[in-house]
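Each chain is listed here by its residues.
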Amino acid sequence: MTEMRMSGAELLLKALVDQGVDTVFGYPGGAVLPIYDALFKQNAIRHVLVRHEQGAVHAAEGYARSTGKPGVVLVTSGPGATNAVTGLTDALMDSIPIVCLTGQVATHLIGNDAFQECDTTGITRPCTKHNWLVKSTEDLARTVHEAFYVATNGRPGPVVIDLPKDVQINQGSYTPPGDVRHKTYRPRVDGDDRQIAEAVRLLAHAKRPIFYTGGGIINSGPRAVAALREFARITGVPVTSTLMGLGAYPASDRQWLGMLGMHGMYEANWAMHDCDVMFALGSRFDDRVTGAIALFSPGSKKVHVDIDPSSINKNVAVEIGIVGDAGRIIEAMIAEWKKQGYQIDKAANDEWWRQIDQWRAKNCLAYYKSDKIIKPQYALERLHALTAGRKTYISTEVGQHQMWAAQFMRFDDPNRWMTSGGLGTMGYGLPAAIGCQLGNPDALVIDIAGEASILMNIQELGTACQYRLPVKVFILNNEYMGMVRQWQELLHGGRYSESYSDALPDFVKLAEAFHCVGMRVTDPGDLDRTIKEMIAIDRPVVVDCIVDKAENCYPMVPSGAAHNQMILGDGAGVAAKIEDNGLALV
Amino acid sequence: MEPEKKILSHTISVLVDNESGVLARVIGLFSGRGYNIESLTVAEVDPAGHRSRITVVTSGTAMVIEQIKAQLSRLVPIHRVSDLTQEGPHVARELALVKVAAAGDKRVESLRIADIFRARVVDSTIHSFVFEITGTTDKVNAFVNLMQPLGLVDVSRTGVAAISRGPEPM
């Protein structure tokens, strides 16, 4: 039998199809023309033309997070690759599996400062999990399979494959995926049995335990989500989560404490501070979560489950660090709990919940209602109420609206929430919503945005229009970069340096210019009608929701403070609580 | 000083796939995360298997040293990370080439000290010597310091290469 020879571009597409890829987000250019030519001649892969390469990566992230499959990006050399860098960094910080294919100048031109040349592997080395420069067409298919393996195994993340133009054109032979046993990268998935037994024993004797879960549960998949829910049910332990982990545990459940951290729930942060045993499950003790490290949960014994060994003892020293897949380890913990016949300590559990209910009674999300002006919290309360019961996916940009969304959009299911947690990338939400809608054609997908953030990738309305994607953009327009304004109010004497959104476009006309539907709402009395209309329209819609300009996002752990030094919505004494060392923190 | 804040020096061996960019990944990890590199050596040790060995001497608190090893371990092309300082007795050596230009008594004295340190003369002119010295970092430092007043003009050092004692491989 003669070996099948194909061009590099054809080999690439065959490898993608064999990896189960059906959608690629991309933007053409000189160095990827052979690949675009090969795309033109086939029907197995749908190419989605974005309007900016950053949008391609965020769209792939939205696709990946909502479907559980890796997102694939195709961009050209030079500016195509550099424009993708923000998206790649975002995916690295939030552990999102992305395979990004970049064109490169022909191998004989590399290093010559050729047109649209840049050192893509050099530039993307620190913002990818791994990257490859393919120098021979013979290596191409194998490299693609390896890239998918690395992106999706262990702690997921973005990878880049840099493809010189001659490698795309030259003929080579195909290597099928087969059984991958990577020569060096073999992350550990099963936890250590002895450590698991020790951790579960600790939990069984705890008086004030807490589960602090993160994006690792979502990344681990449906089995991890099911295991977490069962583990919480049989142990009676209260559950809080990071921004990235929302939806893994149902927000409608009594054991749910809400999100923790800087703008987390009062009861969640106090429970973290006062607990005696903490199980960190697929979370990484990020600074938004811990507040002042020296004051973080001082009295607790900590168990940390993470697939990335470098996450353990990085920020917070723990008693037991278990490396492996969160789902598998929680399943093993459940088995151990049952095997040992452990029971909930009813008296201690009741006492712990009595305390938690006292914290809950603070009603930390309370805000002053108004019938004249739309409060941003009210807008999201209504948005949540009017979308509940539907298959709804929410993405956000970054800032106050993002935190309000995390507080008020209550998720009962995983993979429904897409936000830029680690990097905090303004401009993430619209392209992420587009990617999500492509992966979930029948779902209601809403980007909750701010008027400043949305302008960072507004061009993607063109993509939504071209592919008839009925994404909704719900702008909480307070004419300020709200979180910047809030910090300037709290920390910088109300000197609102450059945080006013001056010369804003007319978002209704802007939407219409992109062939989308634009709506504006200013009166609280019109809010419900507007939201219902937005949902009913089977086209992309932009809602310009004019909200209170002065509203701050509470509760808040001021920078440099501890979980039990939270401030609530009246804002009293905020400035006094932020000490000088807090000023230097982000 | 509190024990957790004590700065420790560790010698870490890293076995890597000798692919392009692997050294940049290791160095970029150290610079990107603010870790110290006191010395770094790299060379291919298994040409058939395309494996290189990197020896890095670094310093930090115990928590930082653990982080460095964990961060190195998760780089994709890395086979093994071994903390020689922690894992037991090991031998660490470096080589230096030391150029001394002098005449008269100083020239004679430099030769005499080289003899004490078992340094070899690998180049000689009427006006200069190049000495080759091998040993621990302290020994090389001492030799270089002694040559300073005797006409030292140039030093080239390899950095530390290290290996564990006993029959076991890395």
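Note on numbering: residues in each chain are counted from 1, in written sequence order. Lettering for chains starts from A, numbering for ligands starts from 1, and both go in the order in which the items are written. At least 70 in pLDDT is required for a residue's local features to be given in this predicted model, at least 80 for side-chain atom pairs to be given and counted, and no such filter applies to totals for whole chains, interfaces and linings, which use all residues. Values reported for side chains reflect all heavy atoms of the structure, with hydrogen atoms and water molecules removed beforehand.

### Quick notes on the domain arrangement of chain B
All names here are of chain B. Note: domain ranges come from an automatic or database domain assignment. Split by domain assignment, chain B resolves into domain 1 (3–88) and domain 2 (91–163). Between domain 1 and domain 2, the C-alpha centre-to-centre distance is 28 Å. Every residue pair with non-hydrogen atoms within 4.5 Å of one another is taken to be in contact. In this complex, domain 1 contributes nine residues to the contact, which on the side of domain 2 involves six residues. By buried area we mean the combined loss of accessible area, with a 1.4 Å probe, across both parts when two parts are placed together. Across the domain 1/domain 2 interface, buried area totals approximately 460 Å², and carbon plus sulfur atoms make up 59% of it. Salt bridge criterion: a side-chain nitrogen from Lys or Arg within 4 Å of a carboxyl oxygen from Asp or Glu. Here domain 1 and domain 2 share zero salt bridges between them. Only runs of H or I of at least four residues qualify as helices and only runs of E of at least two qualify as strands under DSSP, and these elements are numbered from the N terminus. Of all the secondary-structure elements, those providing two or more residues to the side of domain 1 that touches domain 2 are β1 (8–17), β2 (39–46) and β3 (51–60).

### With respect to the packing of aromatic side chains
Residue and element names in this part refer to chain A. Each aromatic pair joins two rings of Phe, Tyr and Trp (for Trp, the six-membered one) with centres within 6.5 Å, and gets the label stacked for planes under 30 degrees apart, edge-to-face for over 60, and tilted for any other angle. A full pass over the atoms with the stated rule returns 20 aromatic pairs over all chains. Relative to F279, the ring of F211 lies with its centre 5.8 Å away and its plane at 35 degrees, an arrangement referred to as tilted. Taken together, the residues span a long stretch of sequence, with F211 in strand β9 (residues 209–213) and F279 in strand β12 (residues 277–281) at a distance of 68 residues. Per residue, the accessibility class of F211 equals that of F279, and both read buried. Put simply, the rings of Y266, W270, W352 and W359 pair up and form one aromatic cluster. Whether a charge sits over a ring comes down to the Lys NZ or Arg CZ being within 6 Å of the ring centre and within 35 degrees of the ring normal. When the ring centre of Y367 is taken as origin, the NZ or CZ atom of K369, which lies over that ring, is 4.4 Å away. Between the NZ or CZ atom of R485 and the centre of the ring of Y480, over which it lies, the distance is 5.8 Å. In this scheme, a residue with accessible area under 20% of its type's maximum is buried, one over 50% is exposed, and one in between is partly exposed, where area comes from a 1.4 Å probe on protein chains only.

### Considerations on helix α2 (residues 62–73) of chain B
All names here are of chain B. Take the residue count of a helix, subtract one, and multiply by 1.5 Å to get its expected span. Here α2 spans 17 Å end to end across 12 residues, near enough to the 16 Å set by a 1.5 Å rise per residue. Where α2 is concerned, the buried positions are I65, Q67, I68, K69, A70, Q71 and L72. Looking at the buried side of α2, the elements it contacts are β1, α1 (22–32), β3, β4 (78–83) and α3 (84–87).

### Some thoughts on the interface of chain A and chain B
Opposite the 20 residues of chain A that make contact, chain B presents 15 residues. A salt bridge links R74 of chain B to D308 of chain A; the nearest nitrogen and oxygen atoms lie 2.4 Å apart. Side-chain atoms alone can form a polar contact between residues adjacent in sequence; in general such a contact is a pair of N or O atoms within 3.5 Å, and within protein one must be able to donate a hydrogen while the other accepts it. At the junction of chain A with chain B, the criterion picks out six residue pairs in polar contact (both at pLDDT 80 or more). Counted by class, the side of chain A that touches chain B contains six nonpolar, seven polar and seven charged residues. By the convention adopted, Pro, Cys, Tyr, Trp, Phe, Met, Ile, Leu, Val and Ala count as nonpolar, Lys, Arg, Asp and Glu as charged, and the other residues, Gly among them, as polar.

### Looking at the domain arrangement of chain A
Residues and elements named next belong to chain A. When cut into domains, chain A gives domain 1 (5–173), domain 2 (193–360) and domain 3 (376–546). Each of domain 1 and domain 3 has a C-alpha centre, and these two points are 29 Å apart. Counting from both sides, the interface comprises 23 residues of domain 1 and, opposite them, 27 residues of domain 3. Approximately 2000 Å² of surface area, both sides summed, lies buried where domain 1 meets domain 3, with 56% of it carried by carbon and sulfur atoms. Of all residues in domain 1, R51, R65 and S66 give up the largest surface area on contact with domain 3, accounting jointly for 31% of the area buried on that side.

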